Every structure is written in structure tokens, then in C-alpha cells.
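# Structural overview for review
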Amino acid sequence: MASITICDPDPRWATEFADLVGELHDLLGPTVLRIDHIGSTSVPNLPAKNILDLQATVADEAALGTVPGLLAAAGWVIRGNRCDHVVPGQPDDPAQWTKRLANEPDGRRRVNLHIRINGRANQRYALLFRDYLRAHPATAQAYGEFKRRAAQLPFESVGAYADLKDPVCDLVYLPAEEWAARTHWAG
């Protein structure tokens, strides 16, 4: 059984991201267009697993293939090709949801580095989800409470916990799309 621990919000998460982003820009150089703090640790006052989620945005498939090699040379653990879940009503083309995933080198602060292509549905999802929760603290609070309760359930794996969260995240993301259109959100 997997154990999921949801922590109280930690103001150090923003500083830890800032330290990591500089290091990653030095390592990856112009191969990445941007590196963003995403996921629950990027939303003020949101409980989260004590794992920083970062998104490295690349321009195209070639860069998506290059970044893992650069990371591996620096000791990052490459988890390979992945596919994010498809959101109802969004494009179901697998290319829109493809990513690479890497984790921190041994002995370092826990990190999930998601490498996604600029303009793809999954790249937009991560940024819009974060920004919507930042702009809607009551929604973030409700999502945090769901995560705390869900973490108390028995799971075969951390992936099973993520699978449970996906439709709840979609319930946040779908109105986030409407909000983005209304506010001219630019990501």
C-alpha cells in the first residue's frame, strides 16, 4: 500500500522553486522556453505533498527529446515518456497530452519535473489550473480538503491517488477555461 502525506502549506516552497529554476535554466539553457512552478505547492495556502512540481516548456518534439539527456547527465532520474489524462471536452489527440517526466538527483529535494511542449493542451492545463486556484482561494481550499481526505484512503500506488484526483481537477479546470476566456488569461 502507498502512503500519501499531505502537508500544511509551506512558504519555503516558493523559495525552493526559485533556487531550482535558476539551476535548471543553467543546465538546460535555450532548450527550454520557460520553467514554471505548478501543482499544489505553487498555490499559496494550499496543502500539498512535499514534492515540488515544475513544468519545463519546450518548443517542439526535438527539444522534448533533448531535455531528458541533459537532465540525465546531471544526475536527474528520467521516468520516460508519459501521457497525461485527457480532460473531457478537450482534444483527445495523444500528442496533446504527451510529456517527459524526471525526478531530482539522489539526495536532493523531491521534485517532479514535467517536460511539455508549448501550446499543447497539457502544458496549458498545468498553468491554467494553477492560476485559477491562485485567483480563487475558496476553490483552492475545497480542493485542499479533498486532497487531505483522499490521502487517508488506502491506495495500491501513488498513481492510484493521482487517478482519483484527475476528475476532481477537471471539475476545477473546466470552469477555469471559462474564467480564462472572460479575463483574457494569457498563461
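Above this text you will find the structure in question.
What you are looking at is a predicted structure, and each value in this text was computed from that prediction instead of being measured.

### A word on the overall build of the protein chain
- Across its full length, the protein chain holds five helices and five strands.
- Going from N to C terminus, the protein chain has its helices and strands arranged as α-β-β-α-β-β-β-α-α-α.
- Its C-alpha radius of gyration of 16 Å places the protein chain within 12% of the 16 Å reference for a compact globule of 187 residues.
- Viewed in the frame of its principal axes, the protein chain has a C-alpha envelope of about 40 × 40 × 30 Å.
- Buried positions account for 47% of the 187 residues belonging to the protein chain.
- Carbon and sulfur atoms make up 54% of the accessible area of the protein chain, which amounts to about 9200 Å² in all.

### Some thoughts on the sheet that holds strand 2 (residues 52-58)
- Reading across from one edge, 1-2-5-4-3 is the order of the five strands in this open sheet, with mixed pairing throughout. Here the strands that pair on one side only, and so sit at the sheet edges, are strand 1 (34-38) and strand 3 (77-83). Going across the sheet, the axis of each strand differs from the next one's by a mean of 25 degrees, ignoring polarity.
- Here five bridges tie strand 1 to strand 2, and the two strands are oriented antiparallel to one another. By the bridge assignment, I35 is partnered in strand 2 with A56.
- Most of the contacts of helix 1 (residues 12-28) go to strand 1, to which it runs at about 160 degrees, and overall it touches strand 1, strand 2 and strand 5 (111-117).
- Against the sheet, helix 3 (residues 121-135) engages strand 1, strand 2, strand 4 (98-103) and strand 5, with an angle of about 50 degrees to strand 1.

### Here's the deal with the nonpolar core
- The biggest cluster of nonpolar side chains holds 23 residues, and the ones touching the most others in it are L24, I35, L54, V58, L71, L113 and I115.
- For this core, the elements supplying multiple residues, two or more each, are helix 1, strand 2, helix 2 (61-73) and strand 5.
- If you tally residues by element for this core, the top one is helix 1, at six residues.
- Once you skip the residues sitting within four places of it in the chain, L54 turns out to touch F17, L20, L24, I35, D36, I38, V111, N112, L113 and H114.
- Residues I38, V87, C169 and A180 belong to the second largest nonpolar core, which totals 22 residues.

### Some remarks on the side chain of H37
- Assignment of secondary structure puts H37 in strand 1.
- There is a polar contact of 2.8 Å between the side chain of H37 and the side chain of T41.
- Leaving out residues up to four positions away in the same chain, H37 has contacts with W13, A14, F17, S42, L52, D53, R130 and R134.

### Some details on helix 1
- End to end, helix 1 covers 24 Å across 17 residues, agreeing with the expected 24 Å (1.5 Å per residue, within 8%).
- Along helix 1, the positions that sit buried rather than exposed are W13, F17, L20, V21, L24 and L28. The arc enclosing the buried residues of helix 1, seen along the axis, measures out at 115 degrees, which places them on a common side. Pointing more than 90 degrees away from the buried face of helix 1 are the exposed residues R12, D19 and D26.
- Structurally, helix 1 contributes buried residues whose contacts are with strand 1, strand 2, helix 2 and strand 5.
- The first or second residue beyond helix 1 is G29, which carries a positive phi of 55 degrees.

### Looking at the packing of helix 1 against helix 2
- Between helix 1 and helix 2, the shortest axis-to-axis distance is 10 Å and the interhelical angle comes to 110 degrees. One finds that helix 1 runs roughly perpendicular with respect to helix 2. Crossing handedness for the pair helix 1 and helix 2: right-handed. Every residue of helix 2 that contacts helix 1 at L24, L27 and L28 is listed here: V67, L70 and L71.

### Considerations on the packing of helix 3 against helix 4 (residues 137-151)
- Put simply, helix 3 and helix 4 touch, their axes get as near as 5 Å, and they point 110 degrees apart. As summarised for this structure, helix 3 and helix 4 are arranged roughly perpendicular, according to the angle between their axes. Counting all contacts with helix 3, which are made through F129, Y132, L133, R134 and A135, the residues of helix 4 involved are P137, T139, A140 and Y143.
- Its residues placed into classes, the contact of helix 3 with helix 4 shows seven nonpolar, one polar and one charged.

Parameters and conventions
- Residues numbered from 1 in each chain as written.
- Predicted model: local features only at pLDDT ≥ 70, side-chain atom pairs only at ≥ 80, totals over all residues.
- Heavy atoms only, no water.
- Helix = DSSP H or I, 4+ residues; strand = E, 2+ residues; numbered from the N terminus.
- Rg over C-alpha atoms; globule rule 2.2 N^0.38 Å.
- Buried < 20%, exposed > 50% of the residue type's maximum accessible area, 1.4 Å probe, protein only.
- Areas by Shrake-Rupley, 256 points an atom, 1.4 Å probe, with all protein chains shown as cover.
- Pairing = 2+ DSSP bridges.
- Axes fitted to C-alpha atoms, helices over the stretch in contact; angles between N-to-C directions.
- Contact = heavy atoms within 4.5 Å.
- Core = buried A, V, L, I, M, F, W, Y, C linked by side-chain atoms within 4.5 Å.
- Polar contact = N/O pair within 3.5 Å; in protein donor to acceptor, adjacent residues only side chain to side chain.
- Expected span 1.5 Å × (residues − 1).
- Arc of directions from axis to C-beta.
- Parallel < 35°, antiparallel > 145°, perpendicular 65-115°, else oblique.
- Left-handed = near helix turned anticlockwise from the far one by under 90°.
- Nonpolar A, V, L, I, M, F, W, Y, C, P; charged D, E, K, R; others polar.

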